[in-house]
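Structural overview for review
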Amino acid sequence: MFAIGYAEVKTNTLYLARDYFGQKPIYYWISKNNKQIVFSSDIDAIKVAIEMSGLRLTINSLAVSKYFNYNYIGDDNSIYKSIIIL
């Protein structure tokens, strides 16, 4: 089980990968001005990093609705609007 990130400075490219059969997702957040990116396999670590920079996260109402209807959020949503799951 793994999740990894690799930054290529010369081409200004970030590669994120995870094992297909594993349990670890990769969550990531990109700032509105595209100058910051935070990624982790733990959504709480991203939440702390974002809130330490003075920004606030908003709850994804679609994800909350899916959770209460199906007891499952799904692979394409996170509980926060601006955090994306890879």
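For the structure, check the block above.
Each value, and the rule that gives it
- Residue positions within a chain follow its written sequence, with the count starting from 1.
- The predicted origin of the model limits local features to residues at a pLDDT of at least 70 and limits the giving and counting of side-chain atom pairs to 80 or more, whereas totals for whole chains, interfaces and linings rest on all residues.
- Think of the side-chain values as coming from all heavy atoms in the structure, minus any hydrogens and water.
- Strands were regarded as paired on the criterion that DSSP finds at least two bridges between them.
- The numbering of helices and of strands both runs from the N terminus, where a helix is a DSSP run of H or I of at least 4 residues and a strand a run of E of at least 2.
- Each residue is placed in one exposure class: buried if its accessible area under a 1.4 Å probe, protein chains only, is under 20% of its type's maximum, exposed if it is over 50%, and partly exposed if it falls in between.
- Directions are taken from the helix axis to each C-beta atom, and the arc is the one they span.
- Only heavy atoms matter for contacts: two residues are in contact if any of them lie within 4.5 Å across the pair.
- Nonpolar cores are built from buried Ala, Val, Leu, Ile, Met, Phe, Trp, Tyr and Cys residues. Side-chain atoms within 4.5 Å join them into one set.

Another aspect to go through is the sheet that holds strand β3 (residues 27-30). One open sheet holds the three strands; their spatial order is β4-β3-β5, and the pairing between them is antiparallel. Looking along the sheet, the strands with just one partner apiece sit at the ends: β4 (37-40) and β5 (84-85). Where β3 lies against β4, four bridges are found, and the strand directions are antiparallel. Of the residues in β4, the one forming a bridge with Tyr28 is Phe39.

Along helix α1 (residues 43-52), the positions that sit buried rather than exposed are Ile43, Ile46 and Ile50. Buried residues of α1, seen end-on, are gathered within an arc of 60° and therefore sit on one face of the element. Buried residues belonging to α1 abut β3 and β4. Taken from the residues just after α1, Gly54 is the one with a positive phi, measuring 90°.

Core analysis: the largest hydrophobic core is formed by nine residues, namely Tyr27, Trp29, Val38, Ile43, Ile46, Ile50, Leu57, Tyr80 and Ile83. If you list the elements that add at least two residues to this core, you get β3 and α1. A per-element tally of this core places α1 first, with three residues. Sequence-distant contacts of Val38, defined by excluding residues within four places in its chain, comprise Tyr27, Tyr28, Trp29, Ile46 and Ala49.

A few words now on unusual backbone geometry. The phi dihedral of Asn12 is positive, around 55°, even though this residue is not glycine. Examined against the element boundaries, Asn12 turns out to sit in the loop between β1 (3-8) and β2 (13-18). The backbone phi angle of Asn34 is positive, close to 60°, even though this residue is not glycine. For Asn34, the position within the fold is in the loop between β3 and β4.

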